[in-house]
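Here's the letter readout for the chains.
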Amino acid sequence: MIFSKREPLLIFAGFVALILASLPVVGAPESWLVYLFLFFIYLAMANMWNLLAGYAGLISLCQPAFLGLAGYAMTVGTWVGIPWWIGLIGGGIVAAVFALAISTAVFRLSGVYFAIGTLVVPEALRMVFYLWRPVGGQMHGAGAGYMVKGIGDLSGDVIYWLALVVALSSVVLMRLILRSELGLGLAAIRDNERSAASSGINIFKLKLYTFIIAAAVTGLAGGVFYLNQGYVEPTATFNVKWTMTLLLATVMGGLRTEEGPILGTIVVVVLYFLLARYGGYSFLIQGLILIGIMLLSPQGIIGLLRRLHLPAAGRVRGF
Amino acid sequence: MGSVDVFTPVLMGIMLGGLYALIALGLSLVFGVMRLINLAHGDLVILSSYISYAIFTYLAVDPILGLVITIPFMLLLGFLIQKYILGRGFAISSETPLIIAFGISLVLQNLNQILWTPLSRGLNTSYSHMSFFIGERQFPVSYLLAFLAGIVVMVGLRAFLTRTYMGRAITAASQDKRAAQLMGINTNRIYGYAFAIAMGAAAVAGVFLGMTFPFTPTSGISFLTIAFGTVVIGGLGSMLGTFLAGIILGLSQTLGGYLFGSASQMLIVYVLVLAILAIRPHGLLGR
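Residues numbered from 1 in each chain as written. Chains lettered and ligands numbered in written order. Predicted model: local features only at pLDDT ≥ 70, side-chain atom pairs only at ≥ 80, totals over all residues. Heavy atoms only, no water.

### Section: the overall build of chain A
Item 1. Counting its secondary structure elements, chain A contains 15 helices and two strands.
Item 2. Dimensions of chain A, computed from the C-alpha atoms along their principal axes, are close to 60 × 50 × 40 Å.
Item 3. By residue count, 53% of the 319 residues in chain A fall in the buried class.
Item 4. Entry remark: accessible area of chain A is about 14,000 Å², with carbon and sulfur atoms responsible for 69%.
Item 5. The distance from the centre of the 19 positive side-chain charges to the centre of the 11 negative ones in chain A is 9 Å. (Helix = DSSP H or I, 4+ residues; strand = E, 2+ residues; numbered from the N terminus. Buried < 20%, exposed > 50% of the residue type's maximum accessible area, 1.4 Å probe, protein only. Areas by Shrake-Rupley, 256 points an atom, 1.4 Å probe, with all protein chains shown as cover. Lys, Arg positive; Asp, Glu negative; His and termini not counted. Charge placed at Lys NZ, Arg CZ, Asp CG, Glu CD.)

Right under this line is the structure:
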């Protein structure tokens, strides 16, 4: 029913998904798979950031906390004999529970207060994991991190497919949420918070659900990322650069549009590999792009296409 | 510090709090006037530290004297950032300036990294490593200087905001933007001045921070967190509240380190900030 008028688009999307899924089998170059893997992970996370910032008005800067905690939960789990796949799901649950736990603190804050309150969270977690080793191991010393154990026989193809599944799920989840009561409620809150509240919408509850869902999916994507990386350590995990990447992908594509994060993530991944060899300049340039886009086209690439009235933009419009 | 009694961490905490307040004053001003949490504030402070470092290293000018260059530079930079970047963002939507500030933060971090390498730097003047003594106890002079600078900037800002025409215009614009406009105040220009003055305070903070702690291009975010904690505890845009809050944070850090070991002292500060947010979202001394 959701897709009733959009069958051609659905068929096209399914076709693309099939091609992406078959790439490891048909022997696509390893480098393609690396790019695409990163694209899937970033897409899932960017979608969730778009849901939070674009649709629920929650400028969350604590996404590294969710993906990091999930990564740590899974990795530490493999040290005490929990299989990686249970750890992966468990990681998503840990992220969701953590979101619920911090919501008592950060949901009392609104607007900019919320943004900076959430910014503190990954910083604090980095400290925690710098000092605390949940289980022992041959690597000692603060912040040394953990290897993921017992994934020796796990092939790269499986991890690639996991990432694809998480990315696709996040796209479908966005569609479902935005057309559900939750999504309609969020739209009402966004348009006018006070009148939404007086029409009986429980603002706190809807925002909390959104926060928890976003945390769980971000956590799952983070788990798959660390499965692929093979180790987790605090400095790069609870790092503001994750936030930057998600923000850039969403804002560049188009905040508050469903297609925005997809386009934006493609650009971010391309930029990532184009700029990788320039080290520090990479984030400098990305920061400049972020500022430029916010000033010139606050609705990102999608907004630009819509303003130019390109036929393609008409076809990919949200609703 | 040698001695193990509680007096040492208390005095250290109070002096450290002066530095924290100094770092937070600019953030507090911008927040009070424009309702913007300037996510780039920490990096702008660190930028000032690096500029002072450059003046000190290449021109051999004392960093405190070097403020005659650093402050005007930061004033101008602040005015330009507000006029050409953030100010335009305000016209678009309320979250735009926040995201732009985040972008500025990343640009500055990486610019600092490119210009000055990721190595840890410090403003090591002849007097920054000296100590003064109270009884048997030894205290670094740099902490005392930072504390005094904090008081000077706080008193100066307070006097400026309550005594001068421009300061009163800034206060008016922060209290009620529309009413201020009706009184003939050009609020956009006032925002520019307010941001510039906040950056002037950041320049002072950068110098004394550089003399107290080693800094790296990515130090900005930890000092932003501390500054934000200070602003949150102190309440919106209140200069005196900010100063007291800085001392609370400084004390919690040194006493935390004294009680639980120095490795966990920053964690205690972060947890304290989150706990206060949960209990009193608008600050201990706020509304």
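After that view, the rundown keeps rolling.
### A word on the pairing of strand 1 (residues 131-134) of chain B
Residues and elements named next belong to chain B.
Item 1. Judged from the four bridges that link them, strand 1 and strand 2 (residues 137-140) form a sheet pairing that is antiparallel. Among the inter-strand pairings, Ile 134 is bridged to a residue of strand 2, identified as Arg 137.
Item 2. Count of turn residues in the strand 1/strand 2 antiparallel hairpin: two residues, of which Gly 135 carries a positive phi of about 65°. (Pairing = 2+ DSSP bridges.)

### Comments concerning the environment of Gly 184 of chain B
Residue and element names in this part refer to chain B.
Item 1. With respect to the helices, strands and loops of the structure, Gly 184 is situated in the loop between helix 7 (177-182) and helix 8 (187-212).
Item 2. Gly 184 gets classed as exposed once you look at its relative accessible area, which sits at 61%.
Item 3. Taking the C-alpha atoms as reference points, Gly 184 and Ala 169, separated by 15 residues in sequence, lie 9.7 Å from one another.

### Side note on the interface of chain A and chain B
Item 1. In this assembly, 38 residues from chain A lie in contact with 40 residues from chain B.
Item 2. Contact between chain A and chain B buries roughly 3,700 Å² in total, counting both sides, with carbon and sulfur atoms accounting for 83%.
Item 3. Viewed at the interface, chain B and chain A are joined by zero residue pairs in polar contact (both at pLDDT 80 or more).
Item 4. The set of elements that each furnish at least two residues to the side of chain A that touches chain B consists of helix 5 (112-131), helix 11 (240-253) and helix 13 (280-296) of chain A.
Item 5. For the side of chain A that touches chain B, the leading source of residues is helix 5 of chain A, giving 13 residues.
Item 6. Class assignment of the residues belonging to the side of chain A that touches chain B gives a composition of 30 nonpolar, four polar and four charged. (Contact = heavy atoms within 4.5 Å. Buried area = accessible area lost by both parts, 1.4 Å probe. Polar contact = N/O pair within 3.5 Å; in protein donor to acceptor, adjacent residues only side chain to side chain. Nonpolar A, V, L, I, M, F, W, Y, C, P; charged D, E, K, R; others polar.)

### Some details on helix 3 (residues 67-92) of chain B
Because each turn of an α-helix spans 3.6 residues, side chains separated by three or four positions in sequence point in the same direction.
Item 1. Helix length check: helix 3 of chain B (26 residues) gives 35 Å between terminal C-alpha atoms against 38 Å at 1.5 Å per residue, within 8%.
Item 2. At Gln 82 of chain B, helix 3 of chain B is deflected by roughly 45°, the largest bend along its length.
Item 3. Residues of helix 3 of chain B that are buried include every one of Leu 67, Thr 70, Met 74, Gly 78, Ile 81, Gln 82, Leu 86 and Gly 89 of chain B, and no others.
Item 4. Packed against the buried residues of helix 3 of chain B are helix 13 of chain A together with helix 1 (7-34), helix 2 (41-58), helix 4 (96-116) and helix 8 of chain B. (Expected span 1.5 Å × (residues − 1). Bend = angle between axes of the 7 residues up to and from the residue.)

### Section: the pattern of salt bridges
Residues and elements named next belong to chain A.
Item 1. Per the counting criterion, the structure on display carries five salt bridges over all chains.
Item 2. Note that Glu 123 and Arg 126 form a salt bridge whose closest N and O atoms lie 2.8 Å from each other. Here Arg 126 and Glu 123 lie together in helix 5, a separation of three residues that amounts to about one turn.
Item 3. Accessibility expressed as a relative area gives 4% for Glu 123, which makes it buried.
Item 4. Judged by its relative accessible area of 22%, Arg 126 falls in the partly exposed class.
Item 5. A salt bridge links Glu 193 to Lys 207; its shortest N-O distance comes to 3.9 Å. In this pair, Glu 193 sits in helix 8 (residues 193-198) while Lys 207 sits in helix 9 (residues 203-229), placing the two residues 14 residues apart along the sequence.
Item 6. For Lys 207, a relative accessible area of 14% corresponds to the buried category.
Item 7. The network of salt bridges with common partners includes Arg 175, Arg 179 and Glu 258. (Salt bridge = Lys/Arg side-chain N within 4 Å of Asp/Glu carboxyl O.)

### Details of the nonpolar core
Item 1. Ranked by size, the top nonpolar core spans 209 residues in total, and within it Phe 40, Trp 49 and Phe 211 of chain A together with Leu 19, Leu 39, Phe 208 and Phe 228 of chain B carry the most contacts.
Item 2. With 18 residues, helix 2 (residues 30-55) of chain A is the largest single contributor of residues to this core.
Item 3. A domain-level breakdown of this core finds at least three residues from each of domain 1 (30-238) and domain 2 (239-319) of chain A.
Item 4. For Phe 211 of chain A, the contacting residues outside a window of four places in its chain are Leu 52, Leu 58, Ser 60, Cys 62, Phe 66, Ala 99, Ile 102, Ser 103, Val 106, Phe 107 and Phe 114 of chain A. (Core = buried A, V, L, I, M, F, W, Y, C linked by side-chain atoms within 4.5 Å. Domains from an automatic or database assignment.)

### Notes on the side chain of Asn 112 of chain B
Residues and elements named next belong to chain B.
Item 1. Relative to the assigned elements, Asn 112 resides in helix 4.
Item 2. Owing to a relative accessible area of 0%, Asn 112 belongs among the buried residues under this scheme.
Item 3. In this view, Asn 112 contacts Asp 43, Ile 46, Leu 47, Tyr 50, Thr 117 and Pro 217; residues no more than four positions away in its chain are not counted.

### Quick notes on the packing of helix 1 (residues 7-22) of chain A against helix 6 (residues 156-179) of chain A
Residues and elements named next belong to chain A.
Item 1. Between helix 1 and helix 6, whose axes approach to 10 Å, the crossing angle comes to 160°. Classified by the interaxial angle, the pair formed by helix 1 and helix 6 is roughly antiparallel. In terms of crossing hand, the pair formed by helix 1 and helix 6 is right-handed. Here helix 1 contributes Ala 17, Leu 20 and Ala 21 to the contact with helix 6, which in turn contributes Tyr 160, Trp 161, Leu 164 and Leu 168.
Item 2. Looking at side-chain class alone, the contact of helix 1 with helix 6 contains seven nonpolar, no polar and no charged residues. (Axes fitted to C-alpha atoms, helices over the stretch in contact; angles between N-to-C directions. Parallel < 35°, antiparallel > 145°, perpendicular 65-115°, else oblique. Left-handed = near helix turned anticlockwise from the far one by under 90°.)

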